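Structural overview
One-letter residues, chain by chain:
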Amino acid sequence: MQIDLPVVWAAIIGLGVFIYVMLDGFDLGIGLLFPFFDAKGDRDVMLNTIAPVWDGNETFLVLGGAGLYGAFPVVYSTLLPANYLPLILMVIGLIFRGAAFELRAKATRTQHLWDLAFIGGSALAALCQGIVLGSLLQGIVIVDGRFAGGPFDWLSPFSLFCGIGVLVTYATLGCGWLILKTDGELQRKMRSLMKPLVGVLLGAMAIVSLWTVLGLPAVEQRWFGSGNLGWFLPVPVLVVACAWGIFRTVRLAHDATPFLLTLALCFLGYSGLVISIWPNIVPPSLTIWDASSSHSSQLFALVGTLIVLPVILVYNAMQYRVFRGKVREGDAGYH
């Protein structure tokens, strides 16, 4: 029996992208929450909760990019030219965010400027990731395996709204993470902020879902015209259940459950995206089989990935285990 390697690689890349969104999402979300907290002590604690893990979280972004290049070169050669500007801006945002981590701890007179760099870099990176997602959902013009659109096709009301949706998603993840990792007054403030963030996130998810169904006939056909609605219906039902669970556990002052349910909410949104475009990897017409490299290339890359990926997963799991527990003001910080 021959393994369908494009499906295997689609699963690996999909897993890598989701883990990146899950992990680096709350990193970026903390930058988005910074403007709500002016006190230096609060900001120090917020940064210290992610200081040991933030750079390891970005490993999965590299995995996704390298996987696309090796397994689906047509995607790499069409998605990038269609989104050059937002992708470059995303990288610039990540650079500013990383520099702020390193230099803020050493700065005295200019620390407020590095706070601004951390906020701006986080917001820019998150916004651009959402814009790229929106441009992918709305479809990319491809002719003979090459991008045939304009340099600003990515710029549309839909893609910009997706960018805002990702900002809200990451802020909610960051808030859930800080409920888990902090205590006292800072944790109380995060609990107060969590409920409105989840409400806005639910609204954003509903608008994006409705927009894609009404504006993209292929997505409407997938959800309502294929006879599989009964299989897909649990996704929106579970979204509502997770949101209710977050409100309830925040009210009951749980520490870990709001963050875990927010991760589940993100997974359900990601599942809805996969359902909407599968088996296309670049809508509206480029499937994973059309975009894949040769069988031998995918097999060669898969062998290396099966060796490296477990190592990455294990050391990421270990760093979260080593640095588990609450972070409080006055604890050793980022140096």
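Reference entry: report on the structure contained in this document. Note that the coordinates shown come from a computational prediction; the quantities given were computed from them, not determined experimentally.

1. Some words on the state of the cysteines
In a disulfide, the sulfur atoms of two cysteines are held together by a covalent bond. Scanning the model with the defined rule gives zero disulfides in all. You can see Cys242 has no disulfide; the closest cysteine sulfur is in Cys266, sitting 9.9 Å from it.

2. Some words on the side chain of Thr305
Mapping Thr305 onto the fold places it in helix H15 (residues 295-322). Given the relative accessible area of 12%, Thr305 is considered buried. Within the structure, Thr305 has its side chain in polar contact with the backbone oxygen of Ala301 (distance 2.8 Å).

3. A short note on the packing of aromatic side chains
Under the definition given, this model contains 13 aromatic pairs. Ring centres of Phe18 and Phe267 lie 5.6 Å apart, and the angle between their planes is 75°; on these two criteria the pair is classed as edge-to-face. Of the two residues, Phe18 sits in helix H1 (residues 5-33) while Phe267 sits in helix H13 (residues 257-277), which places them 249 residues apart along the sequence. Classification of Phe18 by relative accessible area gives buried; the value is 13%. Between Phe18 and Tyr270, the ring centres sit 5.5 Å apart and the planes meet at 40°, which makes this aromatic pair tilted. On the criterion of sequence distance, the pair formed by Phe18 in helix H1 and Tyr270 in helix H13 is long-range, its members being 252 residues apart. Among the aromatic residues, those joined into a ring-pair cluster are Phe26, Trp177, Phe259 and Tyr320.

4. A word on H1
Spanning 29 residues, H1 covers 41 Å between terminal C-alpha atoms, matching the ideal 42 Å at 1.5 Å per step. Here H1 lies mainly inside the structure; 22 of its 29 residues are buried.

5. Re the environment of Leu155
Mapping Leu155 onto the fold places it in the loop between strand E2 (146-147) and helix H8 (157-181). A relative accessible area of 46% places Leu155 in the partly exposed class.

6. Here's the deal with the environment of Ala82
Within the fold, Ala82 resides in helix H5 (residues 73-82). For the pair Ala82 and Thr59, spaced 23 residues apart in the sequence, the C-alpha separation amounts to 24 Å. Setting aside anything within four residues of it in sequence, one finds Ala82 in contact with Ile140, Phe147 and Trp154.

7. Comments concerning the pattern of salt bridges
Tallied over the entire structure, the rule returns ten salt bridges. Among the ionic pairs, Arg191 bridges to Asp255, the shortest N-O distance being 3.0 Å. Separated by 64 residues along the polypeptide, Arg191 in helix H9 (residues 184-215) and Asp255 in the loop between helix H12 (234-251) and H13 bring together distant segments of the chain. Judged by its relative accessible area of 15%, Arg191 falls in the buried class.

What counts as what
Residues numbered from 1 in each chain as written. Predicted model: local features only at pLDDT ≥ 70, side-chain atom pairs only at ≥ 80, totals over all residues. Heavy atoms only, no water. Disulfide = S-S within 2.5 Å. Helix = DSSP H or I, 4+ residues; strand = E, 2+ residues; numbered from the N terminus. Buried < 20%, exposed > 50% of the residue type's maximum accessible area, 1.4 Å probe, protein only. Polar contact = N/O pair within 3.5 Å; in protein donor to acceptor, adjacent residues only side chain to side chain. Phe/Tyr/Trp six-rings, centres within 6.5 Å; stacked < 30°, edge-to-face > 60°. Expected span 1.5 Å × (residues − 1). Contact = heavy atoms within 4.5 Å. Salt bridge = Lys/Arg side-chain N within 4 Å of Asp/Glu carboxyl O.

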